[in-house]
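Examination of the molecular architecture
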Amino acid sequence: MKKNSDVKVLFMGTPEFCVPILESLIASYDVVGVVTQPDKEIGRHKELKASPVKECAIKNGILVLQPAKIRKDYQEVLNRKPDIIITCAYGQIIPKEILDYPKYGCINVHASLLPKYRGGAPMQRAIMNGEKETGITIMYMDEHMDTGNIIKMAKVPILDSDNLEKVHDKLSALGEKLLMETLPSILDGTNDSIAQDDSKATFAPVISREDEKIDFNKKAKEIYDHIRALSPFPGAYATLDGKIVKIYNAYVKEEFYTEKENGEIGKIYKDGLGVSCKDYEIVITDVKFEGKKRCLMKDYFNGNDGNKFLGKIFNKD
RNA sequence: CGCGGGAUAGAGCAGUCCGGUAGCUCGUCAGGCUCAUAACCUGAAGGUCAUAGGUUCAAAUCCUAUUCCCGCAA
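Before going into details, it helps to say that this report is about the structure given with it. As the structure is a computational prediction, the values presented were derived from the model and not from experiment.

Our next topic: the protein's contact with RNA strand B. Taken together, 18 residues surround RNA strand B, and among them Arg44, Arg209, Tyr300, Asn302 and Gly303 come closest. Near the protein, within 4 Å, the atoms of RNA strand B are sugar or phosphate in 52% of cases. A distance of 2.8 Å separates a phosphate oxygen of RNA strand B from a polar side-chain atom of Arg209. In this structure, a phosphate oxygen belonging to RNA strand B sits 3.1 Å away from a side-chain N or O atom of Lys288. Grouping the constituent residues of the surface near RNA strand B by class yields three nonpolar, five polar and 10 charged.

Turning our attention to the environment of Leu164. With respect to the element layout, Leu164 can be found in helix α6 (residues 164-187). A residue is classified by how much of its surface remains accessible, and Leu164, at 8% relative accessible area, is buried. Expressed as a C-alpha distance, the spacing of Leu164 and Ile151, which sit 13 residues apart in the sequence, is 26 Å. Apart from residues lying up to four places away in sequence, Leu164 is in contact with Met123, Gln124, Ile127, Arg228, Ala229, Ser231 and Phe233.

Moving on, we come to the nonpolar core. In this structure, Phe11, Leu25, Ile86, Ile282 and Phe314 are the most contacted members of the largest nonpolar core, which totals 72 residues. If one sorts the elements of this core by residue count, α6 sits on top with 10 residues. Apart from residues no more than four positions distant in its own chain, Leu25 is found in contact with Val9, Phe11, Val31, Ile86, Leu179, Met180 and Leu183. Judged by nonpolar contacts, the second largest core, of 14 residues, contains Leu10, Val35, Val77 and Ile94.

What follows concerns the pairing of strand β10 (residues 236-240). Within β10, five of the five residues are buried, which leaves the element mostly enclosed by the surrounding structure. Neither face of β10 is left uncovered, since the one carrying Ala236, Ala238 and Leu240 and the one carrying Tyr237 and Thr239 both have all their residues buried. As judged from the five bridges shared by β10 and strand β11 (residues 243-253), these two strands associate in the antiparallel manner. Bridge pairing links Tyr237 to Lys246 in β11. From the end of β10 to the start of β11, which pair antiparallel, there are two residues, and Asp241 there has a positive phi angle of about 55 degrees.

We now examine helix α1 (residues 19-28). Given 3.6 residues per helical turn, the α-helix brings residues three or four places apart onto the same face. Counting buried positions along α1 gives seven out of 10 residues, so the element sits mostly inside the fold. Along α1, the positions that sit buried rather than exposed are Val19, Ile21, Leu22, Ser24, Leu25, Ile26 and Ser28.

Residues Val252, Phe256 and Tyr280 make up a contiguous nonpolar surface patch of roughly 260 Å² in combined accessible area. Within the secondary structure layout, Tyr280 lies in the loop between β13 (272-276) and β14 (281-289). Relative accessible area serves as the criterion here: at 32%, Tyr280 is assigned to the partly exposed category.

Procedures and definitions
- Residues numbered from 1 in each chain as written.
- Chains lettered and ligands numbered in written order.
- Predicted model: local features only at pLDDT ≥ 70, side-chain atom pairs only at ≥ 80, totals over all residues.
- Heavy atoms only, no water.
- Near = heavy atom within 4 Å.
- Polar contact = N/O pair within 3.5 Å; in protein donor to acceptor, adjacent residues only side chain to side chain.
- Nonpolar A, V, L, I, M, F, W, Y, C, P; charged D, E, K, R; others polar.
- Helix = DSSP H or I, 4+ residues; strand = E, 2+ residues; numbered from the N terminus.
- Buried < 20%, exposed > 50% of the residue type's maximum accessible area, 1.4 Å probe, protein only.
- Contact = heavy atoms within 4.5 Å.
- Core = buried A, V, L, I, M, F, W, Y, C linked by side-chain atoms within 4.5 Å.
- Pairing = 2+ DSSP bridges.
- Patch = residues over 30% accessible without salt bridge, like charges linked within 9 Å, V, L, I, M, F, W, Y side chains within 5 Å.
- Areas by Shrake-Rupley, 256 points an atom, 1.4 Å probe, with all protein chains shown as cover.
- Salt bridge = Lys/Arg side-chain N within 4 Å of Asp/Glu carboxyl O.

The following block contains the structure:
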């Protein structure tokens, strides 16, 4: 692709998801700055951790801005004199002062088929709800969250076997591709954009700690969707004997035990723990016990007696 | 120095309290049985017991320090 160094692009984003976009922008345009969330204290020792986008920008020698509140600290962004601003999973609402500045506007790459799943966790919420497809929306930004006019959309299927990681990788690649294909038409003004139908809007709030907990009173398929929507990060969890067990994979088995309580481990399979829920049984196959590494139940049974789990009940303490 | 758990063969674990030949289950490889197999039988390979010191005739095990991993909290 030809380098279009006449166009000054400013990029705003934070997680791994949008790094491919930044890399492609750097390859084809004049990226005059990158805005990302401030370094966060993360992990056990409260070490400052830079966002993936920041690391990518530094590697490419691009100026990085990390305002704590861009609503107030927007002047530096304007000082870069961008012709267009591209955002993707940045994590803060962009103030009007910035939105009005670039002559080609502010473009957002969002990981859902808008107006569905507006908000911070569109991929997770889509999988969690058992959606069969999702996609990428390229849109103009306005002052509200994910409400601006739509420029372009592309769909991808969500397979029954997909987890968050798979969907994330698909959409990350698709977002990069779709943006790079669409950007020329945005710059020369040959694209159309259409308003969203707000009556069809749904919301995808960020995942809270409580959202990560598994409710065994739900149907097996719902629990399966919940587990894969959070796998491998942050991981759905349940408690057993007062300790946290993270669950990364499972499958539905169409067995029904009337005498079992919801959440009770009623059967030990070769590859997992059979747990009763509202309708069928869900077999948990891939876990991480507190203090241990993630491992398949199949492997866990090599060194531990699976029968010790029989009759135990999840979330009972 | 926020709190707690952990590190032993490719994987999952036992052995550590009470120091004395490195074990189990699975996987891998070779052979056998079988119409056949993810089943069964026989055999083999595979370990500086996280790292560095210390105590001891002798350390996976006891003492000290360090590194890395995991859960919580932020």
